[in-house]
Amino acid sequence: MQNNQLIEKSAFLKDLSISEFLLFFFYLAILLVVKIFVLWLLRKFISSQKFKTQVYPVIEDVLNWLVLYGSILFFLFYFSKEKWLTTSFYETEGVEVSVLLIIVAVLIVTFASRVTKAITRYVMPFVYGQFDVDLGMSYTINRLLYYIVMFLALAISFTTVGLDLTALGVVFSVLGIGIGFGVRNIAANFVSGIIILFERPMEVGEMVEIDGKIGRITKIKLRSTVVETLKEGTLVVPNQYFIEQIVKNRSSAQMYARVMVSVEYGSDTKKVEHILETATLKIISLRDEISQKQAEVRFVNFRNSAMDFQVEVHVGDVEMKESLESQIRHAIAEAFIQHNIKLAKETYEE
């Protein structure tokens, strides 16, 4: 009896026609070519910068929507008379799962994802502008909105195909106990991501310093945060790092170009300070982008056979900081040679 049922449920596979599928994909390829051709025409004959930056992305998104869901609807219409589309191949608690039912579930999830992204991209910025919502808070709201909608969409799609969410929760709980130790870091980063989104110790657009590298936060995800640095490229930092480690927020604090210099013990400290200040002022006087034409020189420390000095100049951004520090070092090296000031030799303590 069971064998007969299996044969009946798998009989629809015999009705599959390779030629029909090939013809369907041929029509689908034509649809994709038409979309690409339309976008090419728009880029070719409309040169307005406003159109390219504001109108064209919307048209491209709309065409992508039309192609995706048009293809799915065309698939359902093209094979509407085929038995394998509606024939049940699995049954659970009175729900007969078929190819059509699975397609509907996938449609629910993908449609929810695309609608949410469209709303956060085109509608929410207008709302944020009306209520003066800052960049960090708007990003947090967008992420939370996306996660809530996707959770509901997944729950609906699971219910559609007959999955018992209560039973599914029990299964995940058992699996969680078994693999909890293996994924504890992932779980910790996930919880840290939620804390960051709600408490907002740092926000998208802010400058932070991580292991001596300064970069701008471009994206905060549930597991990790993406930081774009000037030279080191993109850093993907686990969210747990921001909760457990001391992270310097460079956005609110003033930024300085700093140069450390160690000279031999016995050198004239006042003379060294004067040389450092003169060399630094010579450089910053030539930089128009530096508003404060002053430098702070401090005698900061004694070491074995060495004396440490620090030069500080207020700057506006990281790129200016690095280039200015290099120029100041060149000027100090030249000035020390002229005045016969010797750098301290490296000393190592037990």
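How each quantity is defined
- Residues numbered from 1 in each chain as written.
- Predicted model: local features only at pLDDT ≥ 70, side-chain atom pairs only at ≥ 80, totals over all residues.
- Heavy atoms only, no water.
- Axes fitted to C-alpha atoms, helices over the stretch in contact; angles between N-to-C directions.
- Helix = DSSP H or I, 4+ residues; strand = E, 2+ residues; numbered from the N terminus.
- Parallel < 35°, antiparallel > 145°, perpendicular 65-115°, else oblique.
- Nonpolar A, V, L, I, M, F, W, Y, C, P; charged D, E, K, R; others polar.
- Pairing = 2+ DSSP bridges.
- Contact = heavy atoms within 4.5 Å.
- Salt bridge = Lys/Arg side-chain N within 4 Å of Asp/Glu carboxyl O.
- Buried < 20%, exposed > 50% of the residue type's maximum accessible area, 1.4 Å probe, protein only.

Caption draft 1: Structural context of the packing of helix H2 (residues 18-45) against helix H3 (residues 49-78). Between H2 and H3, whose axes approach to 11 Å, the crossing angle comes to 170°. Considering the angle they form, H2 stands roughly antiparallel to H3. When its residues are assigned to classes, the contact of H2 with H3 shows 18 nonpolar, 2 polar and 5 charged.

Caption draft 2: Expanded view of the sheet that holds strand E10 (residues 306-315). The 3 strands lie next to each other as E8-E10-E9, forming an open sheet whose pairing is antiparallel. Either end of the sheet is taken by a strand with one partner, and the two such strands are strand E8 (255-264) and strand E9 (296-303). Going across the sheet, the axis of each strand differs from the next one's by a mean of 25°, ignoring polarity. Relative to E10, E9 runs antiparallel, the two sharing 7 bridges. Considered in E10, the bridge of Val297 is made with Val311. The strands that helix H10 (residues 269-284) touches are E8, E9 and E10; relative to E10, the one it contacts most, it runs at about 25°.

Caption draft 3: Structural view of the pattern of salt bridges. All chains considered together, the criterion is met by 5 salt bridges. The partner of Asp61 in a salt bridge is Arg121, with the nearest N and O atoms 3.0 Å apart. Highlighted residues: Asp61 in helix H3 and Arg121 in helix H5 (residues 99-130), separated in sequence by 60 residues. The exposure class of Asp61 is partly exposed, given its relative accessible area of 22%. Between Glu312 and Arg298 there is a salt bridge, with its nearest N and O atoms 3.5 Å apart. Placement of the pair is Glu312 in strand E10 and Arg298 in strand E9, with a sequence separation of 14 residues. On the basis of relative accessible area, Arg298 is assigned to the partly exposed category, the value being 30%. One continuous salt-bridge network, built from bridges that share partners, spans Arg258, Glu296, Arg298 and Glu312.

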